[in-house]
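# Report on the structure
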Amino acid sequence: MVQPLNQLKESASQTAGPYVHIGLTPNFAEIGGVYPQDLGTSMVNDKTKGERITVVGRVLDGTGTPLKDALIEIWQADADGLYNSPSEMRGSADANFTGWGRCPTDMDTGEFRFETIKPGRVPFKDGRKQAPHITFWVVARGINIGLHTRMYFGDEEKANGEDPVLARVEHRVRVSTLIAPREGSTYRFDIHLQGEKETIFFDI
Amino acid sequence: MSDSQISNRKPETGAFFQRDREWHPQAYTPWYKTSVLRSPQKALLSLDNTLSEITGPVFGHNILGELDNDLITNFAKPGEMAIGPRIIVYGRVLDERGKGVPGALLEFWQANAGGRYRHRKEGYVAPLDPNFGGCGRTITDEEGNYSFRTIQPGPYPWPNGVNDWRPAHIHFSLFGHGFAQRLITQMYFEGDSLIWKCPIVKTINDRAAIEGLTAALDMNATIPMDSRAYKFDMVLRGRRSTLFENRMEGN
Ligand SMILES: [Fe+3]
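What you see is a predicted model; the values in this text were computed from it and never measured.

This paragraph deals with the environment of Lys125 of chain A. The topology assignment puts Lys125 of chain A in the loop between strand E4 (111-117) and strand E5 (133-139). Taking the relative accessible area as the measure of exposure, Lys125 of chain A reaches 42% and is therefore partly exposed. Sequence-wise, Lys125 of chain A and Arg52 of chain A are 73 residues apart; in three dimensions their C-alpha atoms are separated by 28 Å. Here Asp48 of chain B takes part through its side chain, which lies 2.9 Å from a polar atom of the side chain of Lys125 of chain A.

Given below as structure tokens:
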């Protein structure tokens, strides 16, 4: 026998189910009067520093059908590359930027939409700079454990080319699944759960 | 949003322990039919946490309303209450090192006593309770403790097999201190024989993992003549220590 490590196991994940809106976006689910507003609906205000952008997209299943019952959360750095988090030790992030957003996909069209700013570059563990990116977390009925991925910016070719995370992708044809093309101030990021265009998901 | 009052402990900045993907459900579990077309089929790309995953949003108590942790009254008309068996759900949020997680935002949602959700897409014949909304939230205290009051939800049938029923359950969403800790799970009730028949529960392979999602009836925490109590602890990923972390030259 050896000494026990006395470590616990993480609680096992279970699907968010079809009614995730009741818990996480009750106003969207027409349950009014419990919370003044749904959390994560607004990431910026008039004073937020940085370039205003819109991120839109859909989550598509193995047949190409958009999910109308998914919920997306995003997490990103501010314009200077700082996170609005107590674990951020490099400085104070923009107090007018939450860095975190939550949006259910539209019950009719399946589209999600975030009004945010373009993040700055954040260092990798070895000090190299990562390209600007937004972390995505997707939950829905049929998804047994939340899926993590990242959105990179289509107009940041040079930064994307030196990003240490993108460099880890063995099958180079898949890198494009993480890169959102830009049109005006809008980036479109469709997430494919399966199939030829399956998005790269991360075990972080 | 970040609130330095939540804890006077020094913030932790280590990467999180690797997730045990065999303990968690697999993505592709064909007996839970919806997973078939919604499960990624390619290998996940393993990534030791960067700052993007080590950090995460933290929520202050200022977001909480007075009734947010009382589902019996938070949607009810003044002076009225939701119908059903009155219960208290309490416990701790710990990390894998056994440390309490202070300042964790917990959001929960559930069906009413008849097993009916208040949702546009819900079609079960059981009636809505006009005094029950079905959502609540709270933030853990300095030791990771939480509690809320609700009614015990009913089991409900769902379209999967022709006669599949969900055991009574409460959905939980948890935020720890890093985005890599983000977790959604469900709480089941001790003694519910539907637990072991449920295709969604069976997405988890490990019996101990399922037992870890099953709350215990705690008669010592009940309020006599008022509410029974269930104890439900939850565990989030632990953090590696940064004490002896390798540093690349020049950093
Ligand atoms: Fe449910």
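Moving on, we come to the coordination of the iron ion. Residues and elements named next belong to chain B. Protein coordination of the iron ion is provided by Tyr117 (OH), Tyr156 (OH), His169 (NE2) and His171 (NE2), with donor distances spanning 1.9 to 2.2 Å. Here the iron ion binds 4 donor atoms, and the angle range of 89 to 162 degrees at the metal identifies the geometry as irregular. Taken in sequence order, the residues that donate to the iron ion follow the motif Y-x38-Y-x12-H-x1-H. One end of the pair, Tyr156, is in strand E6 (residues 156-158); the other, His171, is in strand E8 (residues 169-175), with 15 residues separating them in the sequence. The pair formed by Tyr156 and His171 is uniform in burial state, with each residue classed as buried.

Let's shift gears to the nonpolar core. As a rule of thumb, soluble globular proteins bury nonpolar side chains together. Residues and elements named next belong to chain B. Grouped together as the largest cluster of nonpolar side chains are 69 residues, with contacts concentrated most on Val89, Val93, Tyr146, Phe172, Met187 and Phe232. It is strand E9 (residues 183-189) that provides the largest number of residues to this core, a total of 5 residues. Leave out the neighbours within four places in its chain, and Val93 touches Lys99, Gly100, Val101, Ala104, Leu106, Thr140, Gly144, Tyr146, Leu174, Met234 and Leu236.

What follows covers the pairing of strand E6 (residues 147-153) of chain A. Residue and element names in this part refer to chain A. Burial analysis of E6 places 7 of its 7 residues in the buried class, the great majority of the element. Along E6, one buried face is formed by Leu147, Thr149, Met151 and Phe153 and the opposite face, lined by His148, Arg150 and Tyr152, is buried too. Where E5 and E6 come together, 6 bridges link them in antiparallel fashion. Looking across to E6, one finds that Val138 is bridged to Leu147.

Here we take up the interface of chain B and chain A. In this assembly, 90 residues from chain B lie in contact with 79 residues from chain A. Summed over both sides, the interface between chain B and chain A buries roughly 7,900 Å², with carbon and sulfur atoms accounting for 58% of that surface. At the boundary of chain B with chain A, the tally comes to 9 salt bridges. Where Glu30 of chain A meets Arg120 of chain B, a salt bridge forms, and the shortest distance between an N and an O atom there is 3.4 Å. In this assembly, chain B and chain A are joined by 51 residue pairs in polar contact (both at pLDDT 80 or more). The element contributing the most residues to the side of chain B that touches chain A is E9 of chain B, with 5 residues.

Right, let's talk about unusual backbone geometry for a bit. One non-glycine residue, Asn6 of chain A, adopts positive backbone phi at about 55 degrees. For Asn6 of chain A, the location among the structural elements is in the segment before helix H1 (20-24). Residue Met225 of chain B is not a glycine yet carries a positive backbone phi of 65 degrees. Secondary-structure assignment places Met225 of chain B in the loop between strand E10 (214-217) and strand E11 (228-231).

What follows deals with the pairing of strand E2 (residues 71-75) of chain A. All names here are of chain A. Within E2, 5 of the 5 residues are buried, leaving the element largely enclosed by the surrounding structure. The pairing of E2 with strand E3 (residues 100-104) spans 5 bridges and is classified as antiparallel. Each residue of the ladder has a partner; that of Ile72, found in E3, is Cys103. Sheet analysis places E2 next to E5, joined by 5 bridges and oriented antiparallel.

This structure, assessed with the given rule, holds 33 salt bridges over all chains. Salt-bridge contacts for Arg141 of chain A lead to Asp69 of chain A; the nearest nitrogen and oxygen are separated by 2.8 Å. One end of the pair, Arg141 of chain A, is in the loop between E5 and E6; the other, Asp69 of chain A, is in the loop between strand E1 (52-60) and E2, with 72 residues separating them in the sequence. Ionic pairing is found between Arg97 of chain B and Glu12 of chain B, a salt bridge with its closest N-O pair at 3.0 Å. One end of the pair, Arg97 of chain B, is in the loop between strand E2 (86-95) and strand E3 (105-109); the other, Glu12 of chain B, is in the segment before helix H1 (35-38), and 85 residues separate them in sequence. A network of salt bridges, in which partner residues are shared, links Arg58, Glu111, Arg113, Glu115, Arg188 and Asp190 of chain A.

Reading the values: the criteria
- Residues numbered from 1 in each chain as written.
- Chains lettered and ligands numbered in written order.
- Predicted model: local features only at pLDDT ≥ 70, side-chain atom pairs only at ≥ 80, totals over all residues.
- Heavy atoms only, no water.
- Helix = DSSP H or I, 4+ residues; strand = E, 2+ residues; numbered from the N terminus.
- Buried < 20%, exposed > 50% of the residue type's maximum accessible area, 1.4 Å probe, protein only.
- Polar contact = N/O pair within 3.5 Å; in protein donor to acceptor, adjacent residues only side chain to side chain.
- Donors = N, O, S within 2.8 Å, 3.2 Å for Na, K, Ca; no water.
- Tetrahedral: all angles 85-135°; square planar, octahedral: opposite > 155°, others 65-115°.
- Core = buried A, V, L, I, M, F, W, Y, C linked by side-chain atoms within 4.5 Å.
- Contact = heavy atoms within 4.5 Å.
- Pairing = 2+ DSSP bridges.
- Buried area = accessible area lost by both parts, 1.4 Å probe.
- Salt bridge = Lys/Arg side-chain N within 4 Å of Asp/Glu carboxyl O.

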